[in-house]
Amino acid sequence: MLACGLEMLEALAIVLAVGISRRFRDSLIGAAGAAAALALLALVLGPVLISRVPLEPLRVLIGAFLLLFGLEWLRKGVLRLAHLRSPSSSFKEFVEEQEELESLPLPPPGQPDWAGRTIAFKGVLLEGVEVILIVTALAAHPSGLAPALIGAGAALIAVVGIGLVAHQPLARLPETHLKYVVGIVLSSFGVFFAAEGLGVSWPGSDAALLYLAAAFLAISQLQIHILTRETEREAVAV
Amino acid sequence: MSETLRQLRKLVLGETWTLPIGVACALGAVGIYRLLDDDDTWWHHAGGFVLLGLVALALTASLAGALRARRR
């Protein structure tokens, strides 16, 4: 839910920026078009994966996708917490997008704003593809469909709620830490599923997810510590 | 169009090549080992920790790359 929520939040920042700088109608038309394209992608991708691919290779595939997403979020989280990268902020993205859009001329009233629609469509589509891949990967695990869909649905409701009262709450979210935690969770699920697909039986069964998350937390905290010390040493040397 | 494709690649594979290559190497190495090894008793119980170690190495390599890029 958290992973989907954070992706949707980034899409929301783009839709809000387009709506405020240009017209909400065009922004929502663009976003609705992207949502329709994403629904089509989910309808095709989910059943094809579940019905055509055997269970063991499917688990490796799911694990690989979750590892790709999880480790990337974890890498960025470690770099941000070690002050080697600027903190994550959908609010900052929203402001930057808004400034960029204000420079584009707006068509006369009554005429469609294709620039605004295209930007909203592209933003929602790109962020949504990641949501679809995460939900499809989690849903492909036996007994995973309902929790994955409930999580994604809850995330959508939460993000729409934020959107209705935005944009101040957007600025207050501790996104860097949330994304770091999501990185740990997705990486743990990734190792868990990939190893199961490769014939591993985890000690403690599903409880393995807890010690995998603890291991990723310990490894990443050690890396944050080492990177912070390294940059402090460089700063002193300069 | 090429910008959209570039962004899609970045979303799926990430900002660096180190992580996708590292994940592919980790999964490929254990996959090949599983094909070649007949006795999979120890793998059945401990293989997951080997994969965890390889994945941690991939993450460390990607962070080292980021640190090197910053020094340049």
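A quick note: this is a predicted structure, and the numbers were derived from the prediction, not measured.

K.L.:
Hey, could you go over the overall build of chain A for me, with residue numbers and the actual values?
P.N.:
Scanning chain A from N- to C-terminus turns up nine helices and zero strands. Element order for chain A, N to C, with α for helix and β for strand: α-α-α-α-α-α-α-α-α. Here chain A holds 238 residues, and 44% of them are scored as buried. Summarising the internal contacts of chain A: among those between residues at least 6 apart in sequence, 85% fall at separations of at least 24.

K.L.:
Account for the interface of chain B and chain A, with residues named and values stated.
P.N.:
Counting from both sides, the interface comprises 32 residues of chain B and, opposite them, 29 residues of chain A. Every element with two or more residues in the side of chain B that touches chain A is listed here: α1 (2–13), α2 (18–36) and α3 (41–71) of chain B. A total of 17 residues in the side of chain B that touches chain A trace back to one element, the largest contributor, which is α3 of chain B. Across the side of chain B that touches chain A, the residue classes tally to 19 nonpolar, ten polar and three charged.

K.L.:
Explain the environment of G197 of chain A to me, and be specific about the residues and the numbers.
P.N.:
All names here are of chain A. Mapped onto the secondary structure, G197 falls in helix α8 (residues 175–197). A residue is classified by how many C-beta atoms lie within 10 Å of it, and G197, with 21 of them, is buried. When the C-alpha positions of G197 and S27 are compared, they lie 42 Å apart, and in sequence the two are 170 residues distant. Discounting chain neighbours no more than four positions away, the residues touching G197 are E56, P57, R59, V60 and G63.

K.L.:
Report on the packing of helix α3 (residues 55–81) of chain A against α2 of chain B, specifying residues and quantitative values.
P.N.:
Running from N to C, α3 of chain A and α2 of chain B point in directions that differ by 140°, and their axes come no closer than 10 Å. Two packed elements cross with a definite hand, and for α3 of chain A against α2 of chain B that hand is right-handed. Each of V60, A64, L67, L68, L71, E72 and R75 of chain A in α3 of chain A lies in contact with α2 of chain B, whose residues at this interface are L19, P20, V23 and L27 of chain B. By residue class, the composition of the contact of α3 of chain A with α2 of chain B is nine nonpolar, no polar and two charged.

K.L.:
Report on the confidence of the model for chain B, specifying residues and quantitative values.
P.N.:
Any segment with low pLDDT has predicted coordinates that should not be analysed in fine detail. Residues and elements named next belong to chain B. Looking at chain B, pLDDT values average 82 and 82% of them are 70 or higher. Of all the helices and strands in chain B, α1 carries the lowest mean pLDDT, 67, while α2 carries the highest, 89. Among the prediction metrics, the complex's ipTM stands at 0.87, with pTM recorded as 0.71.

K.L.:
Quick one: what's the story with the nonpolar core, residue by residue and with numbers?
P.N.:
I14, V15, L71, V124 and V191 of chain A together with V23 and V55 of chain B are the most contacted members of the largest nonpolar core, which has 65 residues in total. Those elements giving two or more residues to this core turn out to be α1 (2–21), α2 (24–52), α3, α5 (114–139), α8 and α9 (208–237) of chain A together with α2 and α3 of chain B. With twelve residues, the single largest contributor to this core is α3 of chain A. Setting aside chain neighbours within four positions, we find V55 of chain B in contact with L67, L71 and V191 of chain A together with V23 and A26 of chain B.

K.L.:
Report on unusual backbone geometry, specifying residues and quantitative values.
P.N.:
All names here are of chain A. With phi around 60°, H83 is a residue other than glycine that occupies positive phi space. Examined against the element boundaries, H83 turns out to sit in the loop between α3 and α4 (90–102). Residues other than glycine seldom take positive phi values, yet S205 does so here, at roughly 55°. Looking at the secondary structure, you find S205 in the loop between α8 and α9.

K.L.:
Tell me about α9 of chain A, and name the residues and values.
P.N.:
In a regular helix each residue adds 1.5 Å, so 30 residues correspond to 44 Å; α9 of chain A covers 43 Å between its end C-alpha atoms and thus fits that length. All buried positions along α9 of chain A are accounted for by A208, L212, F216, I219, S220, Q223, I224 and L227 of chain A.

K.L.:
Describe the confidence of the model for chain A, listing the residues and the values that go with them.
P.N.:
Of the residues in chain A, 74% have a pLDDT of 70 or more, and the chain-wide mean is 78. Here helix α7 (residues 168–172) of chain A stands out as the least confident element of chain A, with mean pLDDT 56; α9 of chain A is the most confident, with 89.

K.L.:
Which residues make up the packing of α3 of chain A against α9 of chain A, and what values go with them?
P.N.:
Residues and elements named next belong to chain A. Running from amino to carboxyl end, α3 crosses α9 at an angle of 40°, the nearest separation of the two axes being 9 Å. The angle between α3 and α9 falls in the class oblique. The hand of the α3/α9 crossing is right-handed. Every residue of α9 that contacts α3 at L74, V78 and L81 is listed here: F216, S220, Q223, I224 and L227.

About the cut-offs
- Residues numbered from 1 in each chain as written.
- Chains lettered and ligands numbered in written order.
- Predicted model: local features only at pLDDT ≥ 70, side-chain atom pairs only at ≥ 80, totals over all residues.
- Helix = DSSP H or I, 4+ residues; strand = E, 2+ residues; numbered from the N terminus.
- Buried ≥ 20, exposed ≤ 12 C-beta atoms within 10 Å, placed from the backbone.
- Contact = placed C-beta atoms within 7 Å.
- Nonpolar A, V, L, I, M, F, W, Y, C, P; charged D, E, K, R; others polar.
- Axes fitted to C-alpha atoms, helices over the stretch in contact; angles between N-to-C directions.
- Left-handed = near helix turned anticlockwise from the far one by under 90°.
- pLDDT = per-residue confidence, 0-100.
- Core = buried A, V, L, I, M, F, W, Y, C linked by C-beta atoms within 7 Å.
- Expected span 1.5 Å × (residues − 1).
- Parallel < 35°, antiparallel > 145°, perpendicular 65-115°, else oblique.

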